[in-house]
There are 2 protein chains.
Amino acid sequence: MIKRVGGSTVRFVTPPAIKAWGNVAGKKEGHGPLGTLFDMVYEDTSLGEKTWEKAESRLQNEAVRICLDKSKVNVADVQYIFGGDLLNQCISSHYGLLPYNIPFYGTYGACSTMIETTALAAMCIDGEFADTCMAVTSSHFCSSERQFRTPLEYGGQRAPTSQWTVTGSACIMLDRFGEGPYVTHHTAGRIVDMGITDISNMGAAMAPAAIDTLSRLFEDTGTKPEDYDLILTGDLGQIGSDILRQLMGDIGYQMDGVYSDCGLMIFDRERQDVMAGGSGCGCCALVTTAYVLRQMREKKLNKVIISATGALMSTVSNQQGQSIPGISHAIILSNEKGA
Amino acid sequence: MIKRVGGSTVRFVTPPAIKAWGNVAGKKEGHGPLGTLFDMVYEDTSLGEKTWEKAESRLQNEAVRICLDKSKVNVADVQYIFGGDLLNQCISSHYGLLPYNIPFYGTYGACSTMIETTALAAMCIDGEFADTCMAVTSSHFCSSERQFRTPLEYGGQRAPTSQWTVTGSACIMLDRFGEGPYVTHHTAGRIVDMGITDISNMGAAMAPAAIDTLSRLFEDTGTKPEDYDLILTGDLGQIGSDILRQLMGDIGYQMDGVYSDCGLMIFDRERQDVMAGGSGCGCCALVTTAYVLRQMREKKLNKVIISATGALMSTVSNQQGQSIPGISHAIILSNEKGA
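Everything numeric here is computed off the predicted structure, so don't read it as measured data. (Residues numbered from 1 in each chain as written. Chains lettered and ligands numbered in written order. Predicted model: local features only at pLDDT ≥ 70, side-chain atom pairs only at ≥ 80, totals over all residues. Heavy atoms only, no water.)

A. Examining unusual backbone geometry more closely. That bond from Gly180 of chain A to Pro181 of chain A is cis: its omega, 5°, falls within 30 degrees of zero. The residue Pro181 of chain A is located in the loop between strand E9 (168-175) and strand E10 (182-187) in this model. In this structure, Asp235 of chain B follows Gly234 of chain B across a cis peptide bond, with omega equal to 0°. Tracing the backbone shows Asp235 of chain B in the loop between strand E11 (230-234) and helix H7 (237-250). Of note, Met275 of chain B is a non-glycine position whose phi angle comes to about 55°, a positive value. Counting through the fold element by element, Met275 of chain B comes out in the loop between helix H9 (269-272) and strand E13 (278-279). (Helix = DSSP H or I, 4+ residues; strand = E, 2+ residues; numbered from the N terminus.)

B. Structural view of the relation of the copies chain A and chain B. In screw terms, the move from chain A to chain B is a rotation of 180° and a rise of 0.0 Å along the axis, fitting with an RMSD of 0.0 Å. With respect to symmetry, the two chain copies, as superposed, fit the operation of a two-fold axis. Counting the interface residues of chain A, we find that 100% of their copies in chain B are interface residues as well, pointing to one common contact surface. (Least-squares fit on C-alpha atoms with pLDDT ≥ 70 in both. Contact = heavy atoms within 4.5 Å.)

C. View of the pattern of salt bridges. Residue and element names in this part refer to chain A. Scanning the model with the defined rule gives 32 salt bridges over all chains in all. In this structure, the salt-bridge partner of Arg245 is Asp256, at a minimum N-O distance of 3.5 Å. Highlighted residues: Arg245 in helix H7 (residues 237-250) and Asp256 in the loop between H7 and strand E12 (259-261), separated in sequence by 11 residues. By relative accessible area, which is 52% here, Asp256 ends up exposed. It is possible to trace a salt-bridge network through shared partners that takes in Glu49, Arg58, Glu62, Arg65 and Asp69. (Salt bridge = Lys/Arg side-chain N within 4 Å of Asp/Glu carboxyl O. Buried < 20%, exposed > 50% of the residue type's maximum accessible area, 1.4 Å probe, protein only.)

D. Broad picture of the interface of chain A and chain B. Between chain A and chain B, the residue contacts involve 64 residues of the former and 64 residues of the latter. For the pair chain A and chain B, the summed buried surface comes to about 5,400 Å²; carbon and sulfur atoms form 60% of the total. Of all residues in chain A, the largest losses of buried area upon contact with chain B belong to Gln89, Tyr95 and Phe129 of chain A, amounting jointly to 15% of the total for that side. Run the count over chain A and chain B and you get zero salt bridges. The tally of links from chain A across to chain B stands at 28 residue pairs in polar contact (both at pLDDT 80 or more). (Buried area = accessible area lost by both parts, 1.4 Å probe. Polar contact = N/O pair within 3.5 Å; in protein donor to acceptor, adjacent residues only side chain to side chain.)

E. Local environment of the pairing of strand E10 (residues 182-187) of chain B. All names here are of chain B. Counting buried positions along E10 gives six out of six residues, so the element sits mostly inside the fold. Both strand E2 (residues 9-11) and E10 contribute to a ladder of three bridges, which runs antiparallel. The residue of E10 that forms the bridge with Val10 is His186. In this sheet, strand E15 (residues 326-334) lies alongside E10 in antiparallel orientation, the contact comprising five bridges. (Pairing = 2+ DSSP bridges.)

F. Expanded view of the packing of aromatic side chains. One pass over the full model with this rule turns up 12 aromatic pairs over all chains. Where Phe12 of chain A meets Phe129 of chain B, the ring centres are 5.8 Å apart and the plane angle is 75°; that geometry is what we call edge-to-face. Of this pair, Phe12 of chain A sits in the loop between strand E2 (9-11) and strand E3 (17-25) while Phe129 of chain B is found in the loop between helix H4 (113-126) and strand E7 (132-139), placing the two residues in two different chains. With a relative accessible area of 1%, Phe12 of chain A lands in the buried category. Taken together, a centroid distance of 4.8 Å and an interplanar angle of 25° make the contact between Phe218 of chain A and Tyr253 of chain A stacked. Here the residue Phe218 of chain A occupies a position in helix H6 (residues 202-221), and Tyr253 of chain A occupies one in the loop between H7 and E12, the gap between them amounting to 35 residues. You can call Phe218 of chain A buried: its relative accessible area is 1%. Connected via pairs of aromatic rings, a cluster forms that spans Tyr80, Phe82 and Tyr105 of chain A. (Phe/Tyr/Trp six-rings, centres within 6.5 Å; stacked < 30°, edge-to-face > 60°.)

G. Seen up close, the nonpolar core. Core analysis: the largest hydrophobic core is formed by 109 residues, its most contacted members being Tyr80, Ile306 and Leu333 of chain A together with Tyr80, Ile306 and Leu333 of chain B. Beyond its immediate stretch of four places on either side in the chain, Leu333 of chain B contacts Ile18, Tyr182, Val183, Val292, Leu293, Met296, Asn302, Lys303, Val304 and Ile306 of chain B. Membership of the second largest hydrophobic core comes to 64 residues, among which are Ala55 and Cys281 of chain A together with Val64 and Ile81 of chain B. (Core = buried A, V, L, I, M, F, W, Y, C linked by side-chain atoms within 4.5 Å.)

H. Structural detail: the pairing of E9 of chain A. Residue and element names in this part refer to chain A. Of all eight residues in E9, eight are buried, a share of seventy percent or more. Side chains Gly168, Ala170, Ile172 and Leu174 of E9 all project onto a buried face; the interleaved residues Ser169, Cys171, Met173 and Asp175 project onto the opposite face, where all are buried too. With eight bridges connecting them, E3 and E9 associate as antiparallel partners. Looking at E9, one finds that Ala25 is bridged to Gly168. When strand E7 (residues 132-139) meets E9, the two strands line up antiparallel, connected through eight bridges. Within E9, the residue paired with Ser138 across the bridge is Ser169.

Following this line, the structure appears as C-alpha cells:
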C-alpha cells in the first residue's frame, strides 16, 4: 500500500492535474459575491425546461459541455465520468449525462458529491485505469425544495438555522498530464452521526463528519492548518462552521484566518436572505471551480484543503425519527506536484 | 494506461481476490431455488424493525457483519467500503453501515450496484490505495414497492412484464492477497436509453445497456461467449433476457447454453408468482455471492462474466414522461489470476 500515508489518507504518486472545469449557476448565485466568476449564469432558473428536475439535468449537461469545450478534449477521449446529485435516484446526472455516452459511475455523497467524484476520478487516473476523467454534480433550489421540504407554492417559512440550496452545477476534468493545480492527497469520509435530528440545521449535523475527516487528514499528513492557504468546508453554513472552528480549536487545530466554508462564500448573507448560508451539491462545486481553482491558476492560492460535507438522510428517514448522519470527503489541491 | 485492454475494459494487473462474502435473504428468496445457499434467511422480513426501511438497513448491516466474521478480518483493517441501494438518498447504506465506521463511498447504480461497488473496490486495490475493501448493496420488496409503486396495503395488480424486487443484501470482501476467485477485468457501463417508458417492463429498458457493455467486453478482451462457463446479467428477467439473447445473437454473440439472468435464478417463476422474475440491488448481490462465488470456490465454474443492470429512472422522471435509461457494469471473475 505504497500510496497511503498514515491511517486513511492517500497520497497520489502521479497527482492528477485539473485540466479544465466548467460551471453554470442560477440567478441568485449570479447575484452573489462570486457571480462574475461563473462560466454561465441563467437568469431564468427553469432554463426553459418544463420542470425543475429537467432544468437541473440541463445544468449538469451544460457544465460538462463547457468543461469539454474549455479543455479542447474530445468527449470520446474521456474514459470515465463520475456523477451524482441530490434528487431521488440521482436523475439529474442520468438524464443530464446520457447524451455524452461516457462510461459512468453513479455516486451519492449528498452535498459532498463534488469532492467524492473528484477523488474517485483522481484514484482512477493515479491507479492507471484512465488518463482523463470527469467529475460532476449539481443541485437546484426548486427541485430540492419540493423533494426535501415543501413545494415553492406553499411558501413555507424558513428557520434561521436552515440553508439555501444552491442552483448550479460544475464539472472538473482531471488528467494524468498537464499543468496544475494537482490533486495531491485524499482523505475518504466516514459516516458520522452525533444524533442531530433537526433537518433545518444540517450544518450542525454535518460538522462532526468534517471534524473527523480534517483531523485524520492533518494527522495522516503531519500537516497543520497554517501549512495551507485555505481550508474550505462545504457546506456547513454559519452554524456548522462555527461549531467546526471551535471544536477543531479544542483539539489543537486553530484554523482562524485560513478557514472558510463554501456555504458562506457563495451568497452574501446580509443581502441575500439565505439564513445560515448556501448548501446543495452545487454549492461546493461552484465555489471549488469558480473561486478555488481559478485562484490557484492565478497563483493567489497554492495549497488548499477542500472537505466537502453531506447529510445522508432522506425525508423518509427523518419522518421515521432517525437522526442525520453526515460524511465529509476531503482532497488537498496544490500547485506543486510534490507537495 | 497500461491496465486498459481495447477501448473501455480494464485488466487488473494484480487481480483482487474475493476473500469472503456474506448474504442475508428474505422469506420468499429463502423459499426459492437458491434458498439453501444463503448465509441467513429471515422468515420475518421486518427483521423485527418498525419500518421496512429500517429492516433494509439491517439487511446491509447483517451482510457486512457475516462477511467480516467469515473473513476473520478486523473491521479496522478494511480501508474502504463501497455501498448503495435503491432507496431515496441511499438510506439503507447510510444507516446500515454507520456502526462500522469504515471510510465509505456512496454509489448509485440502481440494480447494477453490486457490480459497480465490486468493480470500484477492485480498482481501489489494484490502484494500490487499499489492501482490503468491501462492496455491499441491498433491496427490500416492501420498501421498494411503496417508494416506486404503491403501498403494499393498496394491493395493486402487477403486469406480466413486471419484476419482483428481491429482499436481501450481500457484501463482498476483496483483498490484494489470497485465494480466488479473482476479479480479472471490468467494463464500465454507459447510460443507454432506447426510449422505453413502461415502468412495468424494466427488463426491456435495461437490456440495451447490457448489450452495449457485453459487446464492448467481448470486443475489448477478444473473447467469445464460449470462452466462459457462465455469462450472467442481472436482473433483466424473462422479457429483458429474451431480448438480450436475441440481439446479442444478431450481432454475432451466440450465448445459448452459457447465458442466464439473476432475475431468473433467484425465484421459481412457475411456483412463486413473480411475473417476469426478480429484480432489485439484492438480486444480483444474492445470486453472485450465494451461487456464482460458491460454485467458483468449488471449481464448478471457473470463468464467469457478471453484467449487472440498473434502470436509472425515478418516480418523478417517469411521471414527467421521461423514458428509462439503463446502465450495466460488468466484471470478469476467474479462478486463475492470469486469465
